[in-house]
Structures are given as structure tokens and as C-alpha cells.
Amino acid sequence: MNVLARPLVLSPADREAALTQVSGLVRSIPDFPAPGILFRDITPVLHDAAALDAAVRLHIDRIADLAGQIDRIVGIESRGFLFGMAVAHALGCGFVPVRKPGKLPAATVHQTYALEYGQDRLHMHADAVSPGDRVLVIDDLLATGGTAQAAAQLVEGLGGRVVACLFLIELAALGGRARLGDRRVESVIVY
């Protein structure tokens, strides 16, 4: 069944079944990409059609109260594109990719953010968000919050309003939620 033809809000039983299905496929890989890091691999979820559908439905369920109140979905490279496009399609709103340097062809704005050992930058087309646009920021993972914070700052720098930030996985111990300040944060799975 097309995700557009289904209710946006899951029943408690459907929500629990979907969470079990999706979280059961998230693979934990120790010491990747560096010693001491426990990597949460979502590729098994993406590989399984039913689990992917459940993951998309869980995303939509988390922000169903915002249906009709979102003008743009901003998806962060690269897995934010996967879930962001699906949610934008389901909610009938536009999609904006936020990318690493040198990946967007037209004029861009950029935001520098701190990494554990250095800095990086995110870029967004300068005309991607208009003043007053209501924006939902989506990425697959919330860890320290630097990437999501940078994406939100890009939106707000163009006059948009971040109505929420949405993630498949949140690593709560890394404190990323706090870095997003007063912005609404929704996560499907929290470790």
C-alpha cells in the first residue's frame, strides 16, 4: 500500500511492531571506523523492503502533528536524503539537499561546524529556503549534533524556521540533542 494512503499516526501496536522490526535490523559494529566506536549500521534496514517501509512510517509517525505545516524537508548528506525524500513525498512538501563542499551546482550558502578533530562545512543552495519557510531537518543519526546544528543554522540564516529535527537513531550519551537548543528533536530509536 502506498504510504500516502495510510494514516500518518501509527496505532500503539503498529508502532511497537515497526520499532521492533527496524531496531532488530540495526547492526552494531565495534571499532568502526576507529577503535572504541560502536557503529550503528542501518544498511540492513535499507536492504529489507518491509523494514524500510516501517522506518519511513516511524519517521512520519513522529512528526504527524506537523502535517500541513512543513514547507520543506532539509535532508543532510547522505542518509538524510534517503529518509528525507520519503517523508517529503508522504507529506507533499519540497525537499532540499544539504551537502558537503563542491557538490551543489548553483550559488550556495555554507556553515562550518566542529568535528572531533577539526572542522567541516555544509552547503545548501542559496535559494533553497525562503524567509518564513517552515522546515523539518532530517538525518539518519544524531550523535554530537554538530551536523544537524549546522543544517539548522543554514535554514535559519536564509530566514526559514526549523520546526523540528528528525532522526532514525539518536546516540543519547553523546549529547547531540542539547546542541540543538530549543529546537524540537524527534528520534525513532534511542541508544
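Structure: above.
What comes next concerns the included structure. If you're wondering where the values come from, they're calculated on a predicted model, not measured in any experiment.

### A look at the pattern of salt bridges
Reasoning step 1: Counting across every chain of the model gives 11 salt bridges.
Reasoning step 2: As a salt-bridge pair, aspartate 71 and arginine 134 come within 3.1 Å of each other at their nearest N and O atoms. Of this pair, aspartate 71 sits in the loop between helix H3 (49-62) and strand E3 (72-76) while arginine 134 sits in strand E7 (residues 134-142); the two residues are 63 residues apart in sequence, bridging distant segments of the chain.
Reasoning step 3: In the salt-bridge network here, residues are joined through shared partners; they are Asp65, Arg184 and Glu186.

### Thoughts on the nonpolar core
Reasoning step 1: Within the largest apolar cluster, 33 residues are counted, with the highest numbers of intra-cluster contacts made by Val22, Ile70, Ile73, Val87, Leu136 and Leu168.
Reasoning step 2: Of all elements in the fold, only helix H1 (12-23), H3, helix H4 (79-91), E7, strand E8 (161-170) and strand E9 (185-190) reach the threshold of two or more residues within this core.
Reasoning step 3: Here this core takes six residues from H3, the largest share from any one element.
Reasoning step 4: The next biggest cluster of nonpolar side chains, apart from the first, holds 24 residues, and it includes Val74, Val96, Val98 and Val162.

### So, unusual backbone geometry
Reasoning step 1: Across the junction of phenylalanine 32 and proline 33, the peptide omega takes the value 0°, indicating a cis bond.
Reasoning step 2: With respect to the helices and strands, proline 33 occurs in the loop between strand E1 (27-30) and strand E2 (38-41).
Reasoning step 3: In this structure, aspartate 31 takes a positive phi of about 60° despite not being glycine.
Reasoning step 4: Relative to the helices and strands, aspartate 31 is located in the loop between E1 and E2.

### Digging into the sheet that holds E8
Hydrogen bonds along the backbone pair up the strands of a sheet, which may run parallel or antiparallel.
Reasoning step 1: The strand order across the open sheet formed by five strands is E4-E3-E7-E8-E9, and the pairing between neighbours is parallel. Looking at strand neighbours, the two that pair on one side only are strand E4 (94-98) and E9, the edges of this open sheet. Averaged over all pairs of adjacent strands, the angle between their axes in this sheet comes to 20°, without regard to strand direction.
Reasoning step 2: Sheet topology places E8 next to E9; five bridges connect them, and they run parallel. The residue of E9 that forms the bridge with glutamate 170 is valine 190.

### Examining H3
Reasoning step 1: Spanning 14 residues, H3 covers 20 Å between terminal C-alpha atoms, matching the ideal 20 Å at 1.5 Å per step.
Reasoning step 2: Residues Ala51, Ala54, Ala55, Val56, Arg57, Leu58, His59, Ile60 and Asp61 constitute the buried set of H3.
Reasoning step 3: At its buried positions, H3 is contacted by H1, helix H2 (43-47), H4, E8 and E9.
Reasoning step 4: A distance of 3.1 Å separates the backbone nitrogen of alanine 50 from a side-chain oxygen at the start of H3, and that oxygen is part of aspartate 48.

Reading guide: rules and limits
- Residues numbered from 1 in each chain as written.
- Predicted model: local features only at pLDDT ≥ 70, side-chain atom pairs only at ≥ 80, totals over all residues.
- Heavy atoms only, no water.
- Salt bridge = Lys/Arg side-chain N within 4 Å of Asp/Glu carboxyl O.
- Helix = DSSP H or I, 4+ residues; strand = E, 2+ residues; numbered from the N terminus.
- Core = buried A, V, L, I, M, F, W, Y, C linked by side-chain atoms within 4.5 Å.
- Buried < 20%, exposed > 50% of the residue type's maximum accessible area, 1.4 Å probe, protein only.
- Pairing = 2+ DSSP bridges.
- Axes fitted to C-alpha atoms, helices over the stretch in contact; angles between N-to-C directions.
- Expected span 1.5 Å × (residues − 1).
- Contact = heavy atoms within 4.5 Å.
- Polar contact = N/O pair within 3.5 Å; in protein donor to acceptor, adjacent residues only side chain to side chain.

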